[in-house]
Amino acid sequence: MWAHIVCWLFILNVVAGFPSRHPRQLELDTYNNAYNPGPDSVLLEDVYYYDVGPTINEPQIEIVRLPPLVDNFHAPAASLEEEEEELSVGPLPTSHTSGGSGVLMGPDGSGVPDRSTCMLCTCLGGSVYCDDLKLESVPPLHKDTTHFYARFNKISKISKSDFAHLNKLKRIDLTHNKILRIDEDAFIGLPALEELVLQENQVSQLPALPASMTLIDASHNKLGGKGIHREAFKDMHGLLYLYLTDNNIGHIPLPLPESLRSLHLQNNNIQMLHEDTFCNLKDINYIRKALEDIRLDGNPINLSKTPQAYTCLPRVPIGGLF
Ligand SMILES: *[C@@H]1O[C@H](CO)[C@@H](O)[C@H](O)[C@H]1NC(C)=O
């Protein structure tokens, strides 16, 4: 189909561009076998080649690059395979300027302001990818957004209005920005939020989060001794992953929900565990069977001092057993 057409156009381009290197016949005969191991790889290789190659042919790029330009919020759902194919190509800012603005506005021609984000970022179904775009703030998001990615930008503050009314938003990934401050009510009103990734920022206060959370990753921040609210995770009955690596935290944030599978606290300032940190002193039969991955390495703690603290766990925490 398109793959073959694009492939053949590419071959013609190569032959036309470098006619003196090899006899034409040989090039045409061997190209398919030597450079294209399977039909699946043809399209991606050629897309890549066309985007970076010196002999770019505009109309052919348009054919390959059209899918990311349409209004994905109301386009028929793409199959998972198609989505993944697009993802591995990645957002290429140049492609967004090559099309006319009529295409970007979508078939219905409505110029809803939030849609402008999809000219800058890549929108696929409910997912909005704004990675590595030098953004200094969260762009306006469509109310149907389910996943928002803005990794490797320069965002310095998260305001209450940034994610207001995004009732379908499940995942926010703000890895590696410059976030210093997050409004206390920036996330609490998001009824569907499950995953928040704030890795590699400078956050000193983790704001209140909804009880629907399953993954919280605030590793490599500046939470210190006061950056986590008292009983912050107590009511998150579906919380599975809590990553707080490298934050200068002095205490394990208790109580930990029963559902928790992974607790990563390496490279902090935790000095002491208590016998009831994980287990229940009043019930010797109590087993905390979900919590199988505790990391305490890189803390000034001697795990040998509190052997009673691990009796209810499926595995002893990883850390200093001096
Ligand atoms: C760690 O605790 C054990 C048990 O109390 C003790 O024998 C050992 O000397 C301690 N190690 C250090 C470095 O404090």
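The structure we're discussing is the one just above.
Definitions and cut-offs
- Residues numbered from 1 in each chain as written.
- Predicted model: local features only at pLDDT ≥ 70, side-chain atom pairs only at ≥ 80, totals over all residues.
- Heavy atoms only, no water.
- Helix = DSSP H or I, 4+ residues; strand = E, 2+ residues; numbered from the N terminus.
- Contact = heavy atoms within 4.5 Å.
- Areas by Shrake-Rupley, 256 points an atom, 1.4 Å probe, with all protein chains shown as cover.
- Phe/Tyr/Trp six-rings, centres within 6.5 Å; stacked < 30°, edge-to-face > 60°.
- Buried < 20%, exposed > 50% of the residue type's maximum accessible area, 1.4 Å probe, protein only.
- Core = buried A, V, L, I, M, F, W, Y, C linked by side-chain atoms within 4.5 Å.
- Pairing = 2+ DSSP bridges.
- Axes fitted to C-alpha atoms, helices over the stretch in contact; angles between N-to-C directions.
- Disulfide = S-S within 2.5 Å.
- Salt bridge = Lys/Arg side-chain N within 4 Å of Asp/Glu carboxyl O.

Q: Kindly report on the overall build of the chain, identifying the contributing residues and their values.
A: Within the chain, the secondary structure is distributed over 8 helices and 11 strands. Taking as baseline every contact in the chain between residues at least 6 positions apart, the subset at least 24 positions apart corresponds to 45%. Of the roughly 17500 Å² that the chain leaves accessible, carbon and sulfur atoms contribute 56%.

Q: Just give me the short version of the packing of aromatic side chains, but keep the residues and values in it.
A: Taken as a whole and assessed by the stated rule, the structure comprises 4 aromatic pairs. The interplanar angle of 65 degrees and the centroid separation of 5.9 Å between the aromatic rings of Phe148 and Phe163 together place this pair among those described as edge-to-face. One end of the pair, Phe148, is in strand β3 (residues 147-149); the other, Phe163, is in the loop between β4 (157-158) and β5 (171-173), with 15 residues separating them in the sequence. What makes Phe148 buried here is its relative accessible area of 0%. Here Tyr241 and Tyr243 contribute two aromatic rings whose centre-to-centre distance is 6.2 Å and whose plane-to-plane angle is 40 degrees, an arrangement assigned as tilted.

Q: If you had to explain the nonpolar core to someone new, which residues and values would you point to?
A: Residues Phe148, Ile158, Phe163, Ile172, Phe187, Leu263 and Phe278 are the most contacted members of the largest nonpolar core, which totals 58 residues. Residues within four places of Ile158 in sequence aside, it is in contact with Val138, Phe163, Leu174, Ile179, Arg181, Ile182, Asp183, Ala186 and Phe187.

Q: Describe the sheet that holds strand β11 (residues 293-295), with residues and values.
A: Strand order across the open sheet formed by 9 strands is β1-β2-β3-β5-β7-β8-β9-β10-β11, with mixed pairing between neighbours. Only two strands of the sheet have a single neighbouring strand rather than two, namely β1 (122-124) and β11. Between one strand axis and the next, the sheet turns through 5 degrees on average, direction left out of account. Direction of pairing for strand β10 (residues 262-264) relative to β11: parallel, over a ladder of 3 bridges. Within the sheet, the bridge partner assigned to His264 lies in β11 and is Arg295.

Q: Please provide a residue-by-residue account of unusual backbone geometry, values included.
A: Between Leu254 and the following residue, Pro255, the backbone shows a cis peptide bond with an omega angle of -10 degrees. One can find Pro255 in the loop between β9 (241-243) and β10. Located in the positive-phi region is Phe152, a residue other than glycine, with phi close to 60 degrees. The phi torsion at His176 lies on the positive side, around 55 degrees, for a residue other than glycine. With respect to the helices and strands, His176 occurs in the loop between β5 and β6 (181-182). A relative accessible area of 35% means that His176 is categorised as partly exposed.

Q: Outline the side chain of Ser262, listing residues and values.
A: Relative to the helices and strands, Ser262 is located in strand β10. Once residues lying within four places of it in the same chain are set aside, the contact partners of Ser262 are Leu240, Tyr241, Leu242, Tyr243, Leu291 and Asp293.

Q: Run through the environment of Pro139, naming residues and quoting values.
A: When you line up the elements, Pro139 lands in the loop between β2 (127-129) and β3. Between the C-alpha atom of Pro139 and that of Asp162, which follows or precedes it by 23 residues, the distance is 7.7 Å. Leaving out residues up to four positions away in the same chain, Pro139 has contacts with Thr117, Cys121, Cys130 and Phe148.

Q: So what about the state of the cysteines? Which residues, and what values?
A: Under the criterion given, the structure shown has 3 disulfides. A sulfur-sulfur distance of 2.0 Å marks the disulfide that ties Cys118 to Cys123. Between Cys118 and Cys123, the S-S torsion sits near -95 degrees, and that sign places the bridge as left-handed. The exposure classification of Cys118 matches that of Cys123, with both residues buried. Shown here is the disulfide that connects Cys279 with Cys312, its sulfur atoms set 2.1 Å apart. Taking the sign of the S-S torsion, -90 degrees for the link of Cys279 and Cys312, the bridge is left-handed. Note that Cys279 is positioned in the loop between β10 and β11 and Cys312 in the segment after β11, a separation of 33 residues in sequence. Sequence-ordered numbering of the disulfide-bonded cysteines in the chain gives the connectivity 1-3, 2-4, 5-6.

Q: Just give me the short version of the environment of Leu256, but keep the residues and values in it.
A: Mapped onto the fold, Leu256 is located in the loop between β9 and β10. Here Leu256 falls in the buried class, since its relative accessible area comes to 5%. For the pair Leu256 and Met236, spaced 20 residues apart in the sequence, the C-alpha separation amounts to 8.8 Å. In this view, Leu256 contacts Leu242, Leu263, Phe278 and Arg288; residues no more than four positions away in its chain are not counted.

Q: Summarise the pattern of salt bridges; cite the residues concerned and give the values.
A: Side chains that differ in sign of charge can pair as their charged atoms come close. For the structure on display, the rule yields 11 salt bridges. Among the ionic pairs, Asp183 bridges to Arg181, the shortest N-O distance being 3.1 Å. A relative accessible area of 49% places Arg181 in the partly exposed class. In this structure, Arg295 and Asp297 form a salt bridge, with 2.8 Å as the shortest nitrogen-oxygen distance.

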